Amino acid sequence: MVHNRLIRNYLIIGGTVILLMMGFGILMLLAQGGVLSLSPPSFYQYMTIHGTGMIGAAALAASAVMWYFLSQHVTLSKNIFKANLVLFLTGLVLVIIGVFSFDYASAWTFLYPLPTLSAKAWGTVGALLYLFGMLIIGIGFLLLFIDTGRAIIKKKGSLAKGLGWDVIAGKKAEKDAPEPAIIAGTMVAIVNVTALIAGATVIMMNIIHTVNPSFTFDPLLAKNLTFAFGHVFANSIIYMSVIVVYELLAKYTNRPWKANKVFLIAWSMSTIFTLMIYTHHMLMDSVMPKWMLIIGQVFSYANGLPVLIVTAYGALMIVYKSGIKWDMASGLAFLSMFGWTVGVVPAIIDATIVVNHVMHNTKWVPGHFHMYMGLGAVVMIFAFMYYLAKVDGGLKVTKLDWIAFFSYIVTMAAVSIQFLVSGALSTPRRWATHIPEWMGPALFGGIAGVFLVIATTLFIVHFVRYILQRNVKRNDLYDEKLV
Amino acid sequence: MIQTVAWITSLVFMLLITFIFLFVAMKSTEKREYEPIKKKWYKARTFYGITLVVFMLIITIYTLRELPYDQPVYGKGEDPTIVEVEALQFGWELSQSEFKVGEAIEFHVSSQDVNHGFGLYDEEMNMIAQTQAMPEYTNVVYLTFTEPGTYGVLCLEYCGLAHHAMTYQITVTN
């Protein structure tokens, strides 16, 4: 109903890019596992495109999830939603050309001054193509989240009211609290506008430095801006996607999942903590003010509380003895809450300064975020894809989809755990080659990754079948259909 | 070893979470009134929430007692060995690479070009300490070797196409 064609385009592009990026992930793991000969330049190009593509595609698809549900409550600009997709695709083309035609390979975290100082591995053109590509993608998202904030302010009066602060303060009854989609939309608008401004700033500084190397800036400031952008933007993917979990589990269990004071406080905590805790990426920069690093640990712990005590707990409570009818959408929604919760554990462990001292930049870090993203955020996106195919297209799932569901759980868990094991073995991350002692887990992960790609392909095929359906009277009003 | 503690702790909590989700999934097909469940679960949440916060507070206080940034491992009046470490694409320059067991060392780490990571590995290839090597800044690692042997320095921050080749060896004798 709500501009579903555009939503479908977002999802199919996002889903397909995620699938392709998994392919690059497998190639890297097989190379590290010693069974595939991959030159270091190719490895680092794949690493750059894998990280950029995964974060970009997941954010794109997640923003469609948010847009779909949020637009049922507030009036969002369809033109901006369209413009974001066009800008994303434009930026993506520049990034791909920069990486594959001009050998650019700075990783998606592009720590200044690496984009310029590559030891002559790539030139100015490659760096500029990549950086401008990222800037264009960032501008698209910035417009989208500014519009999100604008629409919420128009409906609710302020962003504070979008987060339900008037309810927390007791000025309004709990029953009048904003809908979860509005609360999440407000949180994401706040954190992502901040993150994208930080990101655009550091990208522009890098661009100027690339064009004119005599223009320099502070590497520590650049690092702060890069992580303030990267951490928050990557984090926001799950906060956009989780809206589908609130909506689906409430519908499927026929139990209300409405915001109360604890729920509102949890989301306000997440808003503040998400902005604050990027410094846990810099715990090994002792020149940083010590209080900022301690904040990095303390608030990383605290940021686990909203999900552990409120969101995941709420999901468990609503499903427990509910008589829920499981299908792919509800199954994936429930799985995603498991993935989010379980992925929080290695993150909290690594945010502990004394642990970080011997585990930072080992494969423990990708272990955490593959679990958190692969079993959490991305699964929420797949849940939404199955939901839309069901309610809007009336498409039935087959046994193959269920096989894919269970295969996905096992293989994604295997990929994540091999990273964690590698991290515990002190294997450094982002290394094109491994010594024999480090190869085993990588090879295991690469093989698991092959089956993961097959499972994900089946998810995407189901969604493509939905898109290609003809002569179907589309109607995504779930409640109406139930009647 | 910290890595083992981190791994086992993670595994225990991850298995606990898995068990809870599986339990709820198994119980999901039964159908009961929601209100009594909500009442009971909200009550339990208060206890669970407080326990979790207290647990995290204890761990926070315990782990923040001794930070790697400000813990010289030598006593007052004892002069540490200062080692200047310079990173550059794609190698390390150390002002000294041979040390004695028990010698108090401060590695002053910086970079001449891009960001690198100064990771110290023992003979079994377990990481024992690290810091970032940054242009224009100097990060410090305090260390006293307790075992003789050949230790490795590995780059732990992606710095370009030969990042994985950026290694160095340190010798520690009795």
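Quantities reported herein were computed from a predicted structural model and do not represent experimental measurements.

## Topic: the environment of Glu247(A)
In step 1: Mapping Glu247(A) onto the fold places it in helix α8 (residues 219-253).
In step 2: On a C-alpha basis, the gap between Glu247(A) and Ala181(A) in space is 8.5 Å, while along the polypeptide they are 66 residues apart.

## Digging into the environment of Phe217(A)
In step 1: Mapped onto the elements, Phe217(A) comes out in the loop between α7 (180-211) and α8.
In step 2: Distance from Phe217(A) to Asn206(A), taken between C-alpha atoms, is 9.0 Å for residues eleven residues apart in sequence.

## Some words on the pairing of strand β5 (residues 116-121) of chain B
All names here are of chain B.
In step 1: With six of its six residues buried, β5 lies for the most part within the structure.
In step 2: Alternating residues of β5 divide into His116, Phe118 and Leu120 and Gly117, Gly119 and Tyr121, and every residue in both groups is buried.
In step 3: By the bridge criterion, six bridges tie β5 to strand β6 (residues 127-133) in an arrangement that is antiparallel. In the strand pairing of β6, Gly119 is matched with Gln130.
In step 4: Where β5 and strand β8 (residues 149-155) come together, four bridges link them in antiparallel fashion.

## Digging into the sheet that holds strand β4 (residues 104-111) of chain B
All names here are of chain B.
In step 1: In space, the four strands of this open sheet follow the order β2-β1-β4-β7, with mixed pairing throughout. Whereas interior strands pair on both sides, the edge strands pair on one side only; in this sheet they are β2 (91-94) and β7 (139-144). Going from strand to strand, the sheet's axes swing by 25 degrees on average, the running direction of each strand aside.
In step 2: Sheet analysis places strand β1 (residues 81-88) next to β4, joined by seven bridges and oriented parallel. Note on β4: the bridge partner recorded for Val83 is Phe107.

## Quick notes on the interface of chain B and chain A
In step 1: With 68 residues of chain B at the interface, the matching set in chain A holds 62 residues.
In step 2: Of all the secondary structure elements, the ones that give two or more residues to the side of chain B that touches chain A are α1 (2-27), α2 (34-63), β5, β6 and β7 of chain B.
In step 3: Counting residues per element, the side of chain B that touches chain A draws most heavily on α1(B), which supplies 16 residues.
In step 4: The residue makeup of the side of chain B that touches chain A, split by class, is 37 nonpolar, 22 polar and nine charged.

## With respect to the confidence of the model for chain B
All names here are of chain B.
In step 1: Overall, the prediction assigns chain B a mean pLDDT of 94, with 97% of residues at 70 or greater.
In step 2: Per-residue pLDDT, averaged within each element of chain B, yields its smallest value for β7 (94) and its largest for β5 (98).
In step 3: Prediction confidence for the complex, expressed as pTM and ipTM, is 0.95 and 0.95 respectively.

## Focus: the domain arrangement of chain B
In step 1: What the domain assignment lists for chain B is domain 1 (2-68) and domain 2 (76-173).
In step 2: Taking only C-alpha atoms, the centre of domain 1 of chain B and the centre of domain 2 of chain B are 39 Å apart.

## Considerations on the pairing of β6(B)
In step 1: Within β6(B), five of the seven residues are buried, leaving the element largely enclosed by the surrounding structure.
In step 2: If you look at the hairpin formed by β5(B) and β6(B), you'll find five residues sitting between the two strands, and Met125(B) has a positive phi there, around 65 degrees.

## Some words on unusual backbone geometry
In step 1: In this model, Tyr112(A) is joined to Pro113(A) through a cis peptide bond whose omega is 0 degrees.
In step 2: Inspection of the secondary structure assignment puts Pro113(A) in the loop between α3 (78-100) and α4 (124-156).
In step 3: Residue Phe90(B) follows Gln89(B) across a cis peptide bond; omega there is 0 degrees.
In step 4: Topologically, Phe90(B) is positioned in the loop between β1 and β2.
In step 5: The phi dihedral of Ser426(A) falls on the positive side, at around 70 degrees, and the residue is not glycine.
In step 6: Along the chain, Ser426(A) falls in the loop between α14 (399-424) and α15 (436-468).
In step 7: For Ser426(A), a count of 26 C-beta atoms within 10 Å gives the class buried.

Definitions and cut-offs
Per chain, the residues get numbers from 1 upward, laid out in the order the sequence is written. Chain letters and ligand numbers both follow the written order, the letters beginning at A and the numbers at 1. Residues qualify for local features only when their pLDDT is at least 70, as the model is predicted, and side-chain atom pairs are given and counted only at 80 or more; totals for whole chains, interfaces and linings, by contrast, use all residues. Secondary structure elements are defined from DSSP: runs of H or I of at least 4 residues count as helices, runs of E of at least 2 residues count as strands, and each element is numbered from the N terminus. Each residue is classified by how many other C-beta atoms fall within 10 Å of its C-beta atom, where C-beta atoms are placed from the backbone; a count of 20 or more means buried, 12 or fewer means exposed, and values in between mean partly exposed. Pairing between strands is defined by DSSP: at least two bridges between the two strands are required. Fitted lines through C-alpha atoms serve as axes, helices being fitted only where they are in contact, and the angles separating the N-to-C directions of these axes extend from 0 to 180 degrees. A residue pair is marked as a contact if its C-beta atoms, positioned from the backbone, fall within 7 Å. Just so you know the grouping, Ala, Val, Leu, Ile, Met, Phe, Trp, Tyr, Cys and Pro go in nonpolar, Asp, Glu, Lys and Arg go in charged, and all remaining residues, Gly too, go in polar. Confidence of the predictor at the level of single residues is given by pLDDT, which spans 0 to 100. An automatic or database domain assignment is the source of the domain bounds shown.

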